[in-house]
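Report on the structure
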Amino acid sequence: MRLKLSTLLTLLFVFPFSAQGQDSAELAQQLSNPVASLISVPLQTNFDDGFGSNDEGYRYNVNVQPVIPFSLNDEYNLISRTIMPLTYQHNIVAGAGSQTGLGDVVQSLFFSPKAPTASGWIWGAGPVFLLPTGTEKLLSGEKWGVGPTAVMLKQNQGWTYGALANHIESFAGDSNRADISLTFVQPFLVYNTPDGTSYALNFESSYDWEASELSLPVNLMVNKVLKVRNQLVQVGGGVRYWVDSPEGAADGWGLRFNLVFLFPK
């Protein structure tokens, strides 16, 4: 975590950067839309603790989340959103020590109209896939999964509000591991200022139907679009609070930091 923060601070304070005026505001608004036609590569770093029976376990997680839009025709885009979790965790399970590596990849595909509806709503829907790519047993469910995903939002006068949801059911994998039946719902609210600053609030609720357990962190973030030399980026950070979580999972307060590389057309 210290290395990543120091690298970010170096980018911000050693190298020249500038805000992009109206362009920054437009990019910030696009980043608030999960199905915008904008190539981006977010690196989302999370720190959570309170794991284990003695609450002494902790986890650093960097989600590499490339977003790539494809134009299908004059009316529709296909938006590819991938989540590749890179994790270091310690004392998550008593006596298991530390694990480092890649977790299970989640791949979402959204078919989305290029234009909002007559009432201004933006939407996308398609399949979501769970791939058992974990490099450590405690970083993977070792199951293949599939299900539906959808997003719906509206943008008006700097505000973006809506929700993203998916449901994954396992259909193959290690028969000795627990089946997966997981519903994810993420309501979000973002306010974008004219200088490219965004204030974001979201809930990332996950319900495990197999274990009848709810995980509910609330995230409050501040982000800003900048130009570092010739590269457009969004940088930011904030806090998260676990309103509810299963016994032995993360609880209390956590941290989140964002670094997003932008590649507008």
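Just so it is clear, the model here is predicted, and its values are computed rather than measured.

Analysis parameters
- Residues numbered from 1 in each chain as written.
- Predicted model: local features only at pLDDT ≥ 70, side-chain atom pairs only at ≥ 80, totals over all residues.
- Heavy atoms only, no water.
- Helix = DSSP H or I, 4+ residues; strand = E, 2+ residues; numbered from the N terminus.
- Contact = heavy atoms within 4.5 Å.
- Salt bridge = Lys/Arg side-chain N within 4 Å of Asp/Glu carboxyl O.
- Buried < 20%, exposed > 50% of the residue type's maximum accessible area, 1.4 Å probe, protein only.
- Phe/Tyr/Trp six-rings, centres within 6.5 Å; stacked < 30°, edge-to-face > 60°.
- pLDDT = per-residue confidence, 0-100.
- Patch = residues over 30% accessible without salt bridge, like charges linked within 9 Å, V, L, I, M, F, W, Y side chains within 5 Å.
- Areas by Shrake-Rupley, 256 points an atom, 1.4 Å probe, with all protein chains shown as cover.
- Polar contact = N/O pair within 3.5 Å; in protein donor to acceptor, adjacent residues only side chain to side chain.
- Pairing = 2+ DSSP bridges.

**A short note on the environment of Ile68**
Looking at the element boundaries, Ile68 is found in strand β4 (residues 67-71). As a C-alpha pair, Ile68 and Gly252 span 184 residues in sequence and 34 Å in three-dimensional space. Leave out the neighbours within four places in its chain, and Ile68 touches Leu78, Ile79 and Ser80.

**Quick word on the pattern of salt bridges**
The final tally for this structure, using the stated rule, is seven salt bridges. As a salt-bridge pair, Glu142 and Arg177 come within 3.1 Å of each other at their nearest N and O atoms. Here Glu142, found in the loop between β8 (121-131) and β9 (143-156), pairs with Arg177, found in the loop between β10 (159-173) and β11 (181-192); they are 35 residues apart in sequence, far enough to count as distant. Relative accessible area serves as the criterion here: at 24%, Glu142 is assigned to the partly exposed category.

**Here's the deal with unusual backbone geometry**
Look at Asp55: it is not a glycine, yet its phi comes out positive at around 60°. When you line up the elements, Asp55 lands in the loop between β2 (39-51) and β3 (57-64). Although it is not a glycine, Glu142 sits at a positive phi angle of roughly 55°.

**Let's talk about the packing of aromatic side chains**
Scanning all chains against the criterion turns up eight aromatic pairs. Summarising the aromatic geometry, the rings of Phe47 and Tyr60 are spaced 4.9 Å apart at their centres and angled 45° between planes, so their arrangement reads as tilted. With Phe47 in strand β2 and Tyr60 in strand β3, this pair connects stretches of sequence that are 13 residues apart. Judged by relative accessible area, which is 17%, Phe47 ranks as buried. Ring centres 6.1 Å apart and planes at 90° place the aromatic pair Trp121 and Tyr161 in the edge-to-face group.

**A short note on the environment of Ile79**
Locating Ile79 in the fold gives a position in strand β5 (residues 76-90). In this structure the C-alpha to C-alpha distance between Ile79 and Trp121, which are 42 residues apart in sequence, comes to 17 Å. Among residues more than four places away in sequence, those in contact with Ile79 are Pro34, Val35, Ala36, Val67, Ile68, Pro69, Ser108, Leu109 and Phe110.

**Concerning the confidence of the model for the chain**
The predicted model of the chain has a mean per-residue pLDDT of 91, with 92% of residues at 70 or higher. Taken together, the stretch residues 1-6 has pLDDT below 50 and engages in seven contacts with residues farther than four places along the chain or on a different chain. This stretch, residues 8-22, has a pLDDT under 50; its non-local contacts, to residues over four places away or in other chains, come to 23 contacts.

**Thoughts on a nonpolar patch on the surface**
A surface patch of nonpolar side chains, about 990 Å² in accessible area, is lined by Trp159, Tyr161, Leu189, Leu201, Phe203, Leu220, Val239, Tyr241, Val243, Trp253 and Leu255. Contributing elements (two or more residues each) for the nonpolar patch: β10, β12 (197-203), β15 (231-244) and β16 (252-263). Take the nonpolar patch: its biggest share by element is three residues, from β15.

**Notes on the side chain of Gln89**
Mapped onto the fold, Gln89 is located in strand β5. The exposure class assigned to Gln89 is buried, which follows from its relative accessible area of 1%. A polar contact is formed between the side chain of Gln89 and the side chain of Arg59, at a distance of 3.0 Å. A polar atom in the side chain of Gln89 sits 3.4 Å from the backbone oxygen of Leu138. In this view, Gln89 contacts Tyr58, Arg59, Gly97, Ser98, Gln99, Leu138 and Leu139; residues no more than four positions away in its chain are not counted.

**Some thoughts on the pairing of β8**
Summarising the sheet, strand β7 (residues 105-113) and β8 pair through five bridges and their orientation is antiparallel. Following the sheet pairing, Gln107 is matched in β8 by Phe129. With ten bridges joining them, β8 and β9 adopt antiparallel strand pairing. Directly across from Trp123, in β9, lies its bridge partner Met152.

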